[in-house]
Amino acid sequence: MRAMALLLSTLMISFTLAGCLQGDAPIAPPAEEPEDDGRTFVTGPDGMPVDETPLSLNFTFSDVGETGKEPSIGITSTGCMFFIAMEKPMRSCDHGESWTNVADITQAPFTSDPYGWVDPVTDRIFNIHMMGLESTWIGWSDNDGESWLGNPHDSGTTPLNDHIKLATGPWVDEGYGIIGQLNPTYETAVYFCFNKLVGISCFTSFDGGATFEVGGNIVGLASTNGGLHGAITTAPDGTVYLTPRVETPTLIFSKDNGLTWDEREMGTDVGTPNPRKNSEVATDSESNAYHIWTGNDQGIYMSRSIDSGESWDSESIRISPIEVISTAFPQTDAGDPGRIAVTYLGSENGSLLDSADIDGNNWSGNGHTAPGGVHYYLYVTYSLNALDETPTFHTQRVSDDPVQIGSMCLNSGDCRSDEGGSNRNLLDFNDLTIDLEGRVYIAFADGCIDACAASPDPQPADSRAGRGSVYFLNAGPSLYLSNGDLSDFTSESVSLDDKPVTLLAEQSRPNERKVEME
């Protein structure tokens, strides 16, 4: 995050995994129990503390060195990280010690909305940028960004798009999958969804994203779950999920590679705030699904499905600790069943609830109107038993200093400015993904850097940056059970000249992975 956070950000939450591991999983030695530093929380499904030893996690920070608003992060099988925000695809093959812009002349020269994706099956890296509202420029690389191809007008059968999203997933035996399985040009289905006026359009590509031949408007007016939407998530069984930005937590999903779509509602017991940002879905290696969102009380909540999206929990589960009273930008990913990670921005400034917000009203906890004294930090929550009847959540305040001071614009039509500039400096989302080892990576825009980060009393006007930043798990439990505890990265960088001498090459490839951009 800055000088202080460039050191190893040690999140010592100790937990002995020996009692949790099963099968052939390696048994980790007992970890020393950490001192209570006020940054760690172990909670149950109601957000209240439980008497359980925390997990042992060790995260490392990396400063990408470029503007990082609306970031995506993806990891290829070589271990190279790709951070895509604004128009620059940034690559690090030395565990975040250095970053390089690897774009060439085939890539978009500017962006109105960025998006990034790494296909975990083929290693194809997608560098995607909206060109105004007219079209989208999609670029791709099959050699870790050493060279690129691109289509500058790649927006399905009709133009006019916004809030672009892309993902890949396996072909199924029906719908568009019948054609896709016969097409030898690319191994996986590529999905491209966007907002078209007040509807959602989704298209499927048979040629690896070079063109999108089939698809169209899937949902109508925003009042019936159209309009703005979040990331696309795919499952190993081929189910595709999309999250509309609506009052009642809702999922739109397809089981035939995008030919037809259905929807499910959940979370009526906790609702959503207004204004709100997108929710997100993670799917595990057995296609169980986990939908997370910010509830009306500002907690992070989850609903689960064990039948590929057909039915969901009737009672929402709180992921965030009760001490975190304001949240924004929840992102998630999963490995094996029950093993999930969630990140979000959060504040523990509970004493400021009901104080005057920026509009002079009693503050309810919504970040859109937060008073100037509210400090937002980056949090990560792990659960290794998220499918249990009473799951446990291990939460760590990851960042050493705030990511944002005061309000952040969560409604682009109602942003505020001061002498520092607009409070829309973080834009709309962050990102979380895992690599083939089950190691967690978090990409975020940091609004409070340099003098703001060092100040003992930072003000909202000091917090108007959007620096591209990454935290990744250096040591701690993998989200894939068989990998047990992951050890520290070596200091050696990946050599692209000697491929396939790779860090992750011996790991089996999952059938799905999710990386987001809006």
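(A) How the structure looks around the pairing of strand β8 (residues 125-131). Counting buried positions over the seven residues of β8 gives seven, a clear majority of the element. Direction of pairing for strand β7 (residues 114-118) relative to β8: antiparallel, over a ladder of five bridges. Opposite P114, over in β8, you have H129 as the bridge partner. Hairpin connection between β7 and β8: a loop of six residues separates the two successive antiparallel strands, and D123 in this loop has a positive phi of roughly 70 degrees. Pairing analysis gives seven bridges linking β8 to strand β9 (residues 135-141), with the strands arranged antiparallel. Pairing of I125 across the sheet is with S141, part of β9. Between β8 and β9, which pair antiparallel in sequence order, lie three residues; one of them, G132, sits at a positive phi of approximately 60 degrees.

(B) Spatial organisation of the sheet that holds strand β3 (residues 72-75). Taking strand neighbours across the sheet as the criterion, the four strands line up as β3-β4-β5-β6 in an open arrangement whose pairing is antiparallel. A strand with exactly one partner marks an edge of an open sheet, and here the two such strands are β3 and β6 (100-101). Where β3 and strand β4 (residues 81-85) come together, four bridges link them in antiparallel fashion. Within β4, the residue paired with G74 across the bridge is F82.

(C) A look at the sheet that holds strand β19 (residues 280-283). Read from one edge of the open sheet, four strands run β19-β20-β21-β22, paired in antiparallel fashion. Taken across any chain shown, the strands that pair with only one partner, and hence form the sheet edges, are β19 and β22 (317-318). Pairing geometry for β19 and strand β20 (residues 289-294), over four bridges, is antiparallel. Each residue of the ladder has a partner; that of A282, found in β20, is Y290.

(D) Here's a closer look at the packing of aromatic side chains. The tally for this structure, following the rule as stated, stands at 12 aromatic pairs. Plain terms: the ring middles of Y241 and W312 are 6.4 Å apart, the flat faces sit at 85 degrees to each other, and that makes the pair edge-to-face. Taken as a pair, Y241 in strand β16 (residues 240-244) and W312 in the loop between β21 (300-305) and β22 lie far apart in primary sequence, 71 residues in all. Judged by relative accessible area, which is 0%, Y241 ranks as buried. On the basis of relative accessibility, which here comes to 14%, the residue W312 falls in the buried class. Members of the aromatic cluster, joined through ring pairs, are F192, F194, F203 and F212. The ring of Y377 carries the charged tip of R397 above its face, separated from the ring centre by 5.4 Å.

(E) Spotlight on the confidence of the model for the protein chain. Residues of the protein chain with pLDDT of at least 70 account for 84%, and the chain-wide mean is 87. This stretch, residues 498-518, has a pLDDT under 50; its non-local contacts, to residues over four places away or in other chains, come to 104 contacts.

(F) Here's a closer look at empty space enclosed by the protein. For the structure shown, the criterion picks out four cavities of 30 Å³ or more. P273, R276, K277, N278 and T294 are, among the 22 residues lining the largest cavity, the residues nearest its centre. Listing elements by their share of the lining of the largest cavity, those giving two or more residues are β20 and β23 (326-334). Along the lines of polarity and charge, the residues of the lining of the largest cavity split into 10 nonpolar, nine polar and three charged.

(G) How the structure looks around the pattern of salt bridges. Across all of its chains, the model carries 17 salt bridges by this definition. Among the ionic pairs, D428 bridges to K277, the shortest N-O distance being 2.5 Å. Remark: K277 occurs in the loop between β18 (262-265) and β19 and D428 occurs in the loop between β29 (421-422) and β30 (431-434); sequence separation between them is 151 residues. Salt bridges here are not isolated pairs; linked through shared partners, they connect D63, D450 and R467.

(H) Highlighting the state of the cysteines. All told, the structure shown has four disulfides when counted by the stated rule. A sulfur-sulfur separation of 2.0 Å characterises the disulfide bridge that pairs C80 with C93. The S-S bond linking C80 to C93 shows a torsion near 110 degrees; that makes this disulfide right-handed. Here the residue C80 occupies a position in the loop between β3 and β4, and C93 occupies one in the loop between β5 (88-92) and β6, the gap between them amounting to 13 residues. Taking relative accessible area as the criterion, C80 reaches 0% and is therefore assigned buried. Paired through a disulfide, C448 and C452 show a sulfur-sulfur distance of 2.0 Å.

(I) Fine view of unusual backbone geometry. Residue N274 is joined to P275 through a cis peptide bond whose omega torsion reads 0 degrees. Mapped onto the elements, P275 comes out in the loop between β18 and β19. With a phi close to 70 degrees, S287 is a non-glycine residue in the positive phi region. For S287, the location among the structural elements is in the loop between β19 and β20. Phi is positive for D450, which is not a glycine, with a value near 50 degrees. Here D450 is to be found in the loop between β31 (440-446) and α3 (451-454).

What counts as what
Residues numbered from 1 in each chain as written. Predicted model: local features only at pLDDT ≥ 70, side-chain atom pairs only at ≥ 80, totals over all residues. Heavy atoms only, no water. Buried < 20%, exposed > 50% of the residue type's maximum accessible area, 1.4 Å probe, protein only. Helix = DSSP H or I, 4+ residues; strand = E, 2+ residues; numbered from the N terminus. Pairing = 2+ DSSP bridges. Phe/Tyr/Trp six-rings, centres within 6.5 Å; stacked < 30°, edge-to-face > 60°. Lys NZ or Arg CZ within 6 Å of the ring centre and 35° of its normal. pLDDT = per-residue confidence, 0-100. Contact = heavy atoms within 4.5 Å. 1 Å grid on protein atoms, 1.4 Å probe; cavity = no way out; pocket = protein on both sides within 12 Å on 5 of 7 lines; lining within 4 Å. Points joined across faces, edges and corners; volume = space filled by probe spheres on them. Nonpolar A, V, L, I, M, F, W, Y, C, P; charged D, E, K, R; others polar. Salt bridge = Lys/Arg side-chain N within 4 Å of Asp/Glu carboxyl O. Disulfide = S-S within 2.5 Å.

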